[in-house]
Amino acid sequence: MKARINGVELAYGDRGTGTPVVFIHGFPLNRRMWEPQVEALSDRFRIITVDLRGHGESEAPLWHYSIDQFADDVNGLLDHLSVQQAVMVGLSMGGYVLFTFYRKYTGKVRAMVLTDTRAQADTEEVRAGRFNMAQAAYAKGTGPILEAMLPKLLSPTSRETRADLVERVTSMVTSMQLSGIVGDLIAMAERADAVPVLKEITCPTLVLVGELDPATPPEEVRGIAEGIRGARFEVIPGAAHLPNLEQPEAFNRALVSFLDALG
Ligand code: MLT
């Protein structure tokens, strides 16, 4: 389905009934990364997935990308769908969006699931790396992005033995347009530090991370849970940066147990 939100056509999925649960994908992916959750949970919950601008089947304009803009787009979609409050799930860059969404639209967040993400802003070194990535994409397309991201996204075992997963992730990355890739990289490099937001969070929060995540390692992600009053923290064994795809049963179990506890 598609809707024009903030001047841009956004693609989204909306399946099931019950408590709305909104899933926000990471970089450089799209809403298809949440297929195992849509399949497993939409018989009990209203599962909403969105392709952020620049991703999947959404438009990828040259202008304008920022984490604030992504949060405004998600808010516009919720308004379009008449969703007043939802459980929000964000992975990695989706988590950056979620911190901002919470700051701007606090009352719309019933509860929050932050997975494989980071609260701190980029260091100078990380920013320089994003600039180099944008230059590489500009010169050579999605090839260098895939090469840089695949070893972070999937564990060595998955890369060696799960051709289906490698193909799934590859097709999401290589379908991205240059405007979306560069837009994301600038948005992430310029994002605000979300550490001060942590102590403002009062809704029920679950923090998840893949045991083998090299991009946002468990010891770092644990710090997010420690910064949020009452947050639950869980490590998903045998997964890297995309535990929802690599270990969907364990991920869904943690998620459903959290959703059930909300009542
Ligand atoms: C993501 O998965 O969204 C990215 O790894 C986030 C980032 O590059 O900071």
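By convention here, each chain's residues receive numbers from 1 onward along its written sequence. Only residues with pLDDT of 70 or above have their local features reported here, since the model is predicted, and side-chain atom pairs are shown and tallied only from 80 upward, although totals for entire chains, interfaces and linings are computed over all residues. With hydrogens and water set aside, each side-chain value is computed from the structure's full complement of heavy atoms.

Visitor: Outline the pairing of strand S1 (residues 2-5), supporting the account with residue identities and numerical values.
Guide: Here the term buried applies to any residue with accessible area under 20% of the maximum for its type, exposed to any over 50%, and partly exposed to those in between, with areas from a 1.4 Å probe on protein chains only. Counting from the N terminus, the helices are DSSP H or I runs at least four residues long and the strands are E runs at least two residues long. Only one face of S1 is buried, namely the one carrying Ala3 and Ile5, since none of Lys2 and Arg4 on the opposite face is buried. Where S1 lies against strand S2 (residues 8-15), four bridges are found, and the strand directions are antiparallel. By the bridge assignment for S2, Arg4 is matched with Glu9. Here a strand pair is declared whenever DSSP counts at least two bridges between the two strands.

Visitor: Pulling in residues and values, what's your account of the layout of surface pockets?
Guide: Residues are said to line a cavity or pocket when one of their atoms sits within 4 Å of a point; the points come from a 1 Å grid over protein atoms alone, cavities being sets where a 1.4 Å probe fits but cannot get out and pockets being open sets with protein on both sides within 12 Å along at least five of seven lines. Grid points are joined across faces, edges and corners, and a volume is the space filled by probe spheres set on the points. The volume enclosed by the largest pocket comes to roughly 450 Å³. Among the elements of the structure, helix H3 (93-104), helix H4 (124-140) and helix H5 (143-153) are those that each provide at least two residues to the lining of the largest pocket. A total of five residues in the lining of the largest pocket trace back to one element, the largest contributor, which is H4. Taken together, the residues of the lining of the largest pocket break down into 10 nonpolar, six polar and five charged. Classes in brief: Ala, Val, Leu, Ile, Met, Phe, Trp, Tyr, Cys and Pro nonpolar; Asp, Glu, Lys and Arg charged; the others, Gly included, polar.

Visitor: Any chance you could break down the site of the ligand for me, citing the residues and the numbers?
Guide: Any residue with a heavy atom lying within 4 Å of a molecule or strand is counted as near it. Within the structure, the ligand sits among Gly26, Phe27, Ser92, Met93, Tyr96, Arg130, Met149, Met188 and His241. Within the side chain of Tyr96, a nitrogen or oxygen atom sits 2.5 Å from an oxygen atom of the ligand. The contact in question runs from an oxygen atom of the ligand to an N or O atom on the side chain of Arg130, over 2.8 Å. Its free accessible area being 270 Å², the ligand has 91% of it covered by the protein chains. More than half of a molecule's atoms within 2 Å of the grid points is what it takes for that molecule to sit in a cavity or pocket. Among the cavities detected, the one that contains the ligand is the largest pocket. The definition of a polar contact used here is a pair of N or O atoms within 3.5 Å, where within protein one atom must be able to donate a hydrogen and the other to accept one, and adjacent residues in sequence count solely through side-chain atom pairs. The accessible surface values rely on the Shrake-Rupley method and a 1.4 Å probe; as for residues, cover is taken only from the protein chains in view.

Visitor: Mind laying out helix H10 (residues 218-227), listing which residues take part and the relevant values?
Guide: Those residues of H10 not exposed but buried are Pro218, Val221, Ile224 and Ala225. The buried side chains of H10 occupy one side of the element, clustering within an arc of 105° when seen end-on. Turned more than 90 degrees away from the buried face of H10 sit Glu219 and Glu226, all of them exposed. Should any heavy atoms of two residues lie within 4.5 Å, those residues are counted as being in contact. Contacts from the buried residues of H10 go to H3, strand S6 (109-115), helix H9 (195-198), strand S7 (205-210) and strand S8 (232-236). Picture the helix axis, draw a direction to every C-beta atom, and the arc is the one those directions span.

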